[in-house]
Amino acid sequence: MNNVGDSLQPVEDPNRAYVGAATPAVIAPGHTFGTVTDKISSIVLTRRTPLGWYLGFMAAGALAVLLLISLTYLVTKGIGIWGNNIPVGWAFDITNFVWWIGIGHAGTLISAILLLLKQTWRTSINRFAEAMTLFAVACAGIFPLFHTGRPWLAYWLFPYPNSMTLWPQFRSPLIWDVFAVSTYATVSALFWFVGLIPDLATLRDRSQSRAGRVVYGMLAMGWRGSARHWHRYDTAYLLLAGLATPLVVSVHTVVSFDFAVGIVPGWHTTIFPPYFVAGAIYSGFAMVLTLAIPIRAVYHLEDFITMRHLQNMAKVMLVTGLIVAYGYGTEAFIAWYSGDKYEGFVPMNRMFGPYAFYYWLLILCNVVIPQALWLKRVRTNVPLLFVISLIVNVGMWLERFVIIVISLSRDFLTSSWGRYAPTFWDWSTLLGTIGLFLSLLFLFLRFLPMISIFEIRTLLPEAKVSDE
Amino acid sequence: MKPPPTVYGLMAEFDDPASLVAATERAHREGYRCMDAYSPFPIEELTEALGAEHTRLPLIVLIGGIVGCLGGYALEYWTQVVAYPLNIGGKPYHSWPAFVPVTFECTILVAALAAVLGMLALNGLPQPYHPVFNVPRFALASRNRFFLCVEARDPQFDLESTRRFLETLNPREVSTVAD
């Protein structure tokens with residue numbers, strides 16, 4: 001009773017009541033334009049590369065080589081080396097594709113949507129979240145590309161005048177997917193590169209080596225920080241954010257159409273688009289946390305990636321996780337409420353069928369464990385947050401596995417039921433893309449500023465021109 | 001005294017954004033128009049202080065979006081209805097709801113390309129050479145220093161009097177920019 005009364009007390013400073021007195025800052029105090037620039041650019045230019053980088057890059061590179069071996073073997077033998085076979089024609093490949101695409105979504109969300117919402121805390125994490133998006137989309141693209149069986153003919157998916165006088169069939173969600181994913185990859189790359197231009201100019205001006213000056217100089221394209229340029233730059237960046245926001249929502253919507261437009265029980269539902277988008281953001285934030293926590297520790301970036309960032313990301317994970325959990329509930333409810341016996345069978349099959357273990361593991365990873373994030377004690381415990389983010393990554397992978405494999409393995413006719421089990425090559429390709437993803441990320445950390453230097457400068461108190 | 005042809009302009013260096021904005025406003029009031037301010041991060045007030053015009057970029061992006069939208073839909077209509085009509089599950093050849101996703105993606109793609117290429121084109125980038133880089137201290141324009149450059153092509157520019165004027169703005173240093 002007392003507590004309720006307390007919370008109704010009038011508060012003197014409404015801002016303070018809203019944010020909470022103990023909210024950590026976005027940037028640690030005491031930084032100036034110079035120290036911010038030096039600290040972030042020194043990682044690329046002067047500081048010794050930590051031993052951990054070499055070890056990590058070696059491990060990731062080894063896995064990337066495994067990907068190369070797996071794909072080479074796939075091309076020589078055909079996709080029969082994977083475990084998918086009728087009725088389970090989509091399995092690890094499409095699971096991995098949706099998982100990687102989903103991970104990419106957090107990058108665009110952080111850079112575009114949080115920019116439009118004026119969430120300044122995004123600034124420390126947007127650069128590497130965008131890099132993560134690019135690399136995740138690259139990994140995602142590998143799966144449908146090689147699942148076509150003849151990846152060297154993949155350009156047939158694009159509309160171009162050809163001597164066969166054939167054109168793509170635009171009523172198919174799979175063609176929508178080609179357009180959505182390639183547009184997403186292009187716009188993410190543009191967004192990332194435009195964001196990098198002023199920082200590349202900083203690296204050009206601060207590089208001690210000739211090679212550095214030449215390479216960063218060419219990439220910076222002669223950026224000189226002119227006020228007129230900044231004005232157009234800001235306009236372009238804001239417009240890109242406005243364009244990327246509906247784009248990011250559309251991409252996972254289109255990915256969900258790959259399933260929802262099909263008539264397979266468990267796929268043919270209208271809840272798929274919002275539920276897929278929420279799931280994508282959920283897994284994406286989990287991946288940002290998984291990456292940010294070790295990076296900030298290794299490179300001592302606690303000044304820029306503060307507890308505020310980690311807590312906010314944990315909160316976004318909690319919210320999107322609840323939306324996803326609501327999606328699971330609605331799926332099961334509508335399956336029962338529809339009165340359709342094939343739809344009604346889907347949740348039963350998931351919960352008690354041959355793959356029940358994975359369904360319950362998914363519920364544990366995505367619904368049960370993340371509830372710990374309600375507690376502030378958990379949100380401020382960095383190692384625990386790291387573990388939960390890993391668990392959510394696994395959980396979101398399982399979700400796609402459950403949706404794709406369980407639905408396909410048992411559809412309308414019992415005579416056409418089947419089972420799927422992954423082969424060595426299924427696993428090696430998945431692990432291989434993780435290796436490729438991490439290798440690209442290690443190269444990015446080594447050669448480009450992982451935090452947007454110029455945007456951090458704007459957050460400093462000395463950047464203010466007039467007292468508002 | 002007319003400036004020798006090898007001078008691009010005079011550059012004053014400042015320590016903080018507020019001084020640069022104040023100096024730019026003063027120079028604008030003084031009648032200087034051919035000048036530019038350089039800062040390590042975007043400063044909204046600076047654009048106004050320079051008296052800079054509105055950018056046409058949003059219009060370019062809008063045109064890009066419209067072109068992408070119409071182009072995407074036209075591509076679908078022409079291929080599905082005219083060039084290569086196929087009966088897919090009895091749907092009409094012109095099944096417009098199925099054409100929405102690709103039309104949307106094309107809109108975003110062309111608009112985004114227009115935003116980036118338009119920004120670079122209006123800014124005149126990539127630009128391999130620019131005289132301001134001849135000032136050694138200008139390397140700090142991408143770190144923590146703020147510069148105002150009055151260009152020699154300004155009708156009011158005079159090497160001596162403009163330098164004297166810039167000295168009154170409390171700069172850290174005034175240097176001549178070689179062309």
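Scroll up to find the structure.
The sections below set out a description of the structure shown in this document. Here the structure is a predicted model, which is why all the values come from computation and not from measurement.

**Looking at the overall build of chain A**
Point 1. When its secondary structure is counted, chain A shows 17 helices and zero strands.
Point 2. Relative to the compact-globule value of 23 Å for 468 residues, chain A shows a C-alpha radius of gyration of 24 Å, a close match.
Point 3. Along the longest, intermediate and shortest principal axes, the C-alpha atoms of chain A span 75 × 70 × 40 Å.
Point 4. Out of the 468 residues in chain A, the part that is buried amounts to 47%.
Point 5. Of the contacts made within chain A by residues no fewer than 6 positions apart, 82% connect residues no fewer than 24 positions apart.

**Some words on the sheet that holds strand S2 (residues 35–38) of chain B**
Residues and elements named next belong to chain B.
Point 1. Here we have four strands laid out as an open sheet, ordered S2-S3-S1-S4, and antiparallel in their pairing. Strand pairing shows two members of the sheet lacking a second neighbour, S2 and strand S4 (173–178), which therefore form its edges. The average angle at which neighbouring strand axes cross in this sheet is 20°, direction not considered.
Point 2. The sheet contact formed by strand S1 (residues 7–14) and strand S3 (residues 146–151) spans six bridges and is antiparallel. Within the sheet, the bridge partner assigned to Glu13 lies in S3 and is Phe147.
Point 3. Running over the sheet, helix H5 (residues 159–167) touches S1, S3 and S4 and is turned about 10° from S1.

**Some remarks on helix H1 (residues 17–30) of chain B**
Residue and element names in this part refer to chain B.
Point 1. Its 14 residues place the ends of H1 20 Å apart at the C-alpha level, agreeing with the 20 Å of an ideal helix rising 1.5 Å per residue.
Point 2. Among all positions in H1, only Pro17, Leu20, Val21, Ala23, Thr24 and Ala27 are buried. Each buried residue of H1 sits inside an arc of 165° when the element is viewed along its axis, so together they form one side.
Point 3. Packing partners of the buried residues in H1 comprise S1, S2, helix H2 (44–49) and S3.
Point 4. Looking one or two residues past H1, Gly31 carries a phi angle of roughly 110°, positive in sign.

**As for the packing of helix H9 (residues 227–260) of chain A against helix H3 (residues 57–83) of chain B**
Point 1. Running from N to C, H9(A) and H3(B) point in directions that differ by 35°, and their axes come no closer than 10 Å. As for the relative orientation of H9(A) and H3(B), their crossing is right-handed in sense. Contacts from Arg232(A), Thr235(A), Ala236(A) and Leu239(A) of H9(A) reach H3(B) at Leu57(B), Pro58(B) and Val61(B).
Point 2. Of the residues in the contact of H9(A) with H3(B), the class split is five nonpolar, one polar and one charged.

Rules of the game
- Residues numbered from 1 in each chain as written.
- Chains lettered and ligands numbered in written order.
- Predicted model: local features only at pLDDT ≥ 70, side-chain atom pairs only at ≥ 80, totals over all residues.
- Helix = DSSP H or I, 4+ residues; strand = E, 2+ residues; numbered from the N terminus.
- Rg over C-alpha atoms; globule rule 2.2 N^0.38 Å.
- Buried ≥ 20, exposed ≤ 12 C-beta atoms within 10 Å, placed from the backbone.
- Contact = placed C-beta atoms within 7 Å.
- Pairing = 2+ DSSP bridges.
- Axes fitted to C-alpha atoms, helices over the stretch in contact; angles between N-to-C directions.
- Expected span 1.5 Å × (residues − 1).
- Arc of directions from axis to C-beta.
- Left-handed = near helix turned anticlockwise from the far one by under 90°.
- Nonpolar A, V, L, I, M, F, W, Y, C, P; charged D, E, K, R; others polar.

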